[in-house]
Amino acid sequence: GVMNNVPDSTGAKASHVKLIRAVLINSLEWNSNKSNNWSTASLQTLLNSGAYWNRTGTYSSTGLTSTAKGQISNIKWNLGGHSTYNAPASTFYTAERGTTVYSGRPTEWTGYVGLMYPSDYGYAVGGSKRSSCLTTNLISYNTSCASSDWLKLGSTELTLSPHSDDSDRVFRVGSGGGLSYSGAYDTNAVRPVVYLNSNIKKTGGSGTSSDPFVIQ
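Owing to the predicted nature of the structure, the values given are computational and were not obtained by experimental measurement.

J.: Give me the lowdown on the pattern of salt bridges, citing residues and values where you can.
T.: Under the criterion given, the structure shown has three salt bridges. For K18, the salt bridge goes to D120, with nearest N and O atoms at 2.7 Å. Here K18, found in strand β2 (residues 13–20), pairs with D120, found in helix α5 (residues 118–123); they are 102 residues apart in sequence, far enough to count as distant. A salt bridge links R191 to E157, with the shortest nitrogen-to-oxygen separation between them at 2.9 Å. Highlighted residues: R191 in the loop between β9 (187–190) and β10 (193–195) and E157 in strand β6 (residues 157–162), separated in sequence by 34 residues. Exposure remark for E157: the relative accessible area of 1% places this residue in the buried category.

J.: Give a description of helix α4 (residues 89–96) that names residues and reports values.
T.: Three or more residues of α4 are buried, namely A89, F92, A95 and E96. Each buried residue of α4 lies within a common arc of 125° when the element is viewed along its axis, so the set occupies one face. Structurally, α4 contributes buried residues whose contacts are with β4 (75–78), α5, β6, β7 (169–173) and β8 (179–183).

J.: Now, about the pairing of strand β5 (residues 108–111): what can you tell me, with residues and values included?
T.: Here β5 shows one buried face, formed by W109 and G111, and one open face, formed by E108 and T110. In terms of strand pairing, β4 meets β5 through four bridges, oriented antiparallel. Within the sheet, the bridge partner assigned to N78 lies in β5 and is E108.

J.: Can you lay out the layout of surface pockets for me, pointing to particular residues and giving the numbers?
T.: One simple way to see leftover space: roll a probe sized like a water molecule over the atoms. The volume enclosed by the largest pocket comes to roughly 1200 Å³. Together, 37 residues line the largest pocket, and K18, L19, I20, R21 and A22 are the ones closest to its centre. Those elements giving two or more residues to the lining of the largest pocket turn out to be β2, α5, β10 and β12 (214–215). Ranked by residues supplied to the lining of the largest pocket, first place goes to β2 with four residues. Roughly 240 Å³ of volume is contained in the second largest pocket. What lines the second largest pocket is a set of 14 residues, among which N5, V6, P7, N78 and R97 lie closest to the centre. With five residues, strand β1 (residues 2–7) is the single largest residue contributor to the lining of the second largest pocket. Here the lining of the second largest pocket is composed, by residue class, of seven nonpolar, three polar and four charged.

J.: Lay out the packing of aromatic side chains with the relevant residues and their values.
T.: Inspection of every chain in the model, using the stated rule, returns eleven aromatic pairs. Relative to W109, the ring of W38 lies with its centre 6.0 Å away and its plane at 90°, an arrangement referred to as edge-to-face. Separated by 71 residues along the polypeptide, W38 in the loop between β3 (26–29) and α1 (42–48) and W109 in strand β5 bring together distant segments of the chain. Assessed through its relative accessible area of 1%, W38 is described here as buried. Their ring planes at 40° and their centres at 5.1 Å tell us that W53 and Y112 sit as a pair that is tilted.

J.: Which residues make up empty space enclosed by the protein, and what values do they have?
T.: If you walk through the whole model with that rule in mind, you get one cavity of 30 Å³ or more. Here the largest cavity defines a volume of roughly 30 Å³. In this structure, the largest cavity is lined by W30, N36, W38, L79, R105, P106 and P162. When grouped by side-chain class, the residues that make up the lining of the largest cavity number five nonpolar, one polar and one charged.

J.: Could you give an account of the state of the cysteines, with specific residues and numbers?
T.: One pass over the full model with this rule turns up one disulfide. Bridging C133 to C145, the disulfide has an S-S length of 2.1 Å. Its S-S torsion of approximately -100° makes the covalent link between C133 and C145 left-handed. You can see C133 sitting in helix α6 (residues 130–133) and its partner C145 sitting in the loop between α6 and β6, a full twelve residues away along the chain. The same class applies to C133 as to C145, namely buried.

Reading guide: rules and limits
- Residues numbered from 1 in each chain as written.
- Predicted model: local features only at pLDDT ≥ 70, side-chain atom pairs only at ≥ 80, totals over all residues.
- Heavy atoms only, no water.
- Salt bridge = Lys/Arg side-chain N within 4 Å of Asp/Glu carboxyl O.
- Helix = DSSP H or I, 4+ residues; strand = E, 2+ residues; numbered from the N terminus.
- Buried < 20%, exposed > 50% of the residue type's maximum accessible area, 1.4 Å probe, protein only.
- Arc of directions from axis to C-beta.
- Contact = heavy atoms within 4.5 Å.
- Pairing = 2+ DSSP bridges.
- 1 Å grid on protein atoms, 1.4 Å probe; cavity = no way out; pocket = protein on both sides within 12 Å on 5 of 7 lines; lining within 4 Å.
- Points joined across faces, edges and corners; volume = space filled by probe spheres on them.
- Nonpolar A, V, L, I, M, F, W, Y, C, P; charged D, E, K, R; others polar.
- Phe/Tyr/Trp six-rings, centres within 6.5 Å; stacked < 30°, edge-to-face > 60°.
- Disulfide = S-S within 2.5 Å.

By themselves these figures say nothing about function.
Rendered as structure tokens:
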């Protein structure tokens, strides 16, 4: 999706294309130390300075290439939390950009690679069901909404957002498509998310799996 007014590490705002990986890279803990503080989480380290970032070990073929790292931006990510999964995408969108977090947790983090937000998943419903689903609580997306959501993976997947009333819980999208909680130490599917540099251009491709977009 194209996201407007996204601040980078310097505070400068621009429009950026936000990409989520189509397939999971592994099933991992959000944080092996149990805390739902993304700035110090083990998964954050893996994605931004560890094996995935350096394309080593388990991620020697799936990690970021040097070309890819030159095409993504160092972004200020919002870390606002919420206390329930019983809310629609619009409520989560506001909460993610808010300051309600568990005591001591940051509300922003600057880095290159993150995860999708609950609101990203909620807003990804298309077709005739979109208008009704956008007022549906995300816990209930495992009914008709999930089948029209292009971000639905089919595995239980981690999101970036922490639970604001607990020190060790984060939000996840269940295999059936509804939003739920997870312990930060639980193992769930991971799909990295990045923002392309604002000067990236499409140079070819139609955007299908057999003819993907080419960018530079």
